Amino acid sequence: MLLIAIPWLLLTSTGDPAKAGLVTLCQALPYVIVQVVVGPLIDRLGARRISIAGDAISAVAMILLAATPGPPLLMVMLCMACVGAADGPAVAAKHTLLPGATEDAGQPIERGTGMATVIERAATSAGPLASGVLVAAFGARTLWAVAVLFAAAALIGVTGPRAAGRSHATRPGGYVRQLRDGAGFLHRDRSLRAIVLMYVITNFLDQAFLTVLLPVWAHGHGHGVAFVGLLSGVFGACAVFTAAIAAWIGARFPRRTVFLAAIIVAGVSRYVVLAADAPPTVVLLVFAAAGLGSGAACPIVEAVEAERVPDHMRGRVRTLIVAWAWAGIPFGGLAGAAMLTAGLGTALWACGAVYLAAVVHPGLRVTWRR
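Per-chain numbering applies: the sequence of each chain, read as written, is numbered from 1 onward. Per-residue local features of the predicted model are confined to residues with pLDDT of at least 70, and side-chain atom pairs are confined, for both listing and counting, to 80 or more; whole-chain, interface and lining totals are unaffected and use all residues. Side-chain numbers here rest on the full set of heavy atoms in the structure, without hydrogens or water.

*Asks:* Help me understand the side chain of Thr319 in this model?
*Replies:* Inspection of the secondary structure puts Thr319 in helix H12 (residues 314-325). Burial classes follow relative accessibility: with a 1.4 Å probe on protein chains only, a residue under 20% of its type's maximum area counts as buried, one over 50% as exposed, and anything between as partly exposed. Of the residues examined, Thr319 reaches a relative accessible area of 1% and is grouped as buried. Polar contacts involving the side chain of Thr319 include one to the main-chain carbonyl oxygen of Arg316, which spans 2.9 Å. Under the DSSP-based scheme used, a helix requires at least four consecutive residues in state H or I and a strand at least two consecutive residues in state E, with every element numbered from the N terminus. Identification of polar contacts relies on pairs of N or O atoms within 3.5 Å, with a donor-acceptor requirement for protein atoms, meaning one able to donate a hydrogen and the other able to accept it, and with residues adjacent in sequence counted only if both atoms are side-chain atoms.

Pasting the structure below:
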């Protein structure tokens with residue numbers, strides 16, 4: 001919901017795409033910085049505690065923002081920075097719990113990552129669609145709904161099974177030593193390095209696309225925020241379908257082949273269809289196909305990560321992967337605004353070409369089964 005609501009509210013109230021990109025930078029940069037240092041804390045204190053604390057802090061920040069009529073840009077920037085710094089560790093903590101829960105259930109890792117993707121994609125389907133409708137109807141008051149959802153996430157963590165959040169035994173060494181161990185492990189693993197490089201490039205491009213290029217395309221073609229939300233919602237809904245299939249029978253298929261086919265459809269097609277000035281119906285169909293590809297590709301990558309990282313280092317390595325994956329995101333919105341100087345069509349074609357190269361690379365470098 002934040003991905004749609006905040007940039008659109010700023011774009012429509014100020015008419016300046018650069019301000020939408022600036023607020024995105026304020027959220028994403030703390031997200032990256034905190035991810036770098038929080039990993040050992042997750043391993044020491046337990047993922048459950050970190051998840052609860054992060055969600056609660058984000059809820060408070062959103063309440064402050066929602067309760068202030070016409071908040072100044074500086075306040076929006078500070079609140080979004082607070083959300084980024086708190087939400088990053090909370091998200092990483094939830095992912096850290098997944099491999100152990102899947103193992104305890106006696107299921108293949110593809111089933112755990114597939115089911116997690118189903119839930120996440122269902123949220124990313126309903127969230128943007130609801131955000132588009134709510135922003136169109138209620139404007140900035142939509143932020144109250146975001147605050148309530150953060151608070152609900154914290155409450156679920158408090159009332160959930162305590163055993164699932166227990167901390168792992170860590171090897172001897174201080175905090176800095178444990179950070180170095182996690183970074184060294186990530187650097188030595190060729191497959192993880194290739195996946196991280198893909199994350200850096202594709203997340204940077206997706207941020208430019210979702211926060212600037214797509215809204216500008218929609219605005220320029222006479223479409224409102226509801227259509228932007230519909231595109232994101234359809235993308236997420238279709239991803240739910242293929243992620244459910246991956247959870248059910250994904251372990252039977254060759255990972256490399258499915259990944260390459262799915263990720264190319266998921267990423268490149270969205271840039272191409274907008275650059276080609278396709279009619280809205282075609283754009284909607286292409287976003288649906290892209291969602292199908294995304295739902296199939298994500299559980300595979302998550303499974304590879306989970307298999308290659310030892311239990312006692314999951315917090316450290318996972319947060320470092322996310323930190324690298326988000327390294328370009330703080331600048332994606334600003335880069336999207338800068339790319340518009342060359343024209344929207346040129347920016348979309350260039351992003352599509354770079355995206356293609358980025359997703360083909362891990363297909364050649366990753367050892368897909370351990």
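Having seen the model, we can carry on.
*Asks:* Please clarify how the pattern of salt bridges should be interpreted in this entry.
*Replies:* Side-chain pairs of opposite charge can arise whenever the charged atoms involved come near each other. Whenever Lys or Arg places a side-chain nitrogen within 4 Å of a carboxyl oxygen from Asp or Glu, that contact is recorded as a salt bridge. Tallying each qualifying case throughout the model produces nine salt bridges. Where Arg177 meets Asp181, a salt bridge forms, and the shortest distance between an N and an O atom there is 3.5 Å. With Arg177 and Asp181 both in helix H7 (residues 175-188) and four residues apart, this pair spans about one turn of that helix. The partly exposed category is assigned to Arg177, whose relative accessible area is 44%. For Asp181, a relative accessible area of 29% puts it in the partly exposed group. What emerges from the salt-bridge pattern is a single network uniting Glu110, Arg255 and Glu307.

*Asks:* Hey, could you run me through the nonpolar core in this one?
*Replies:* Buried together is how nonpolar side chains tend to be arranged in soluble globular proteins. Only buried residues count toward a nonpolar core, which is a set of Ala, Val, Leu, Ile, Met, Phe, Trp, Tyr and Cys residues joined through side-chain atoms within 4.5 Å. By size, the foremost hydrophobic cluster in this structure holds 54 residues, and its most contacted members are Phe209, Leu214, Phe259, Leu274, Val283 and Phe287. For this core, the secondary-structure elements that each account for two or more residues are helix H1 (2-14), H7, helix H8 (190-220), helix H9 (225-249), helix H10 (255-275), helix H11 (280-308), H12 and helix H14 (344-365). The leading source of residues in this core is H8, at 12 residues. What makes two residues a contact is simply this: any of their non-hydrogen atoms within 4.5 Å. Phe209 has contacts with Leu214, Pro215, Arg270, Tyr271, Leu274, Phe287 and Leu348, leaving out every residue within four places of it along the chain. In terms of nonpolar packing, the next biggest core, distinct from the first, is built from 19 residues, Leu65, Val76, Val83 and Leu143 among them.

Just geometry here; none of it tells us what the structure is for.
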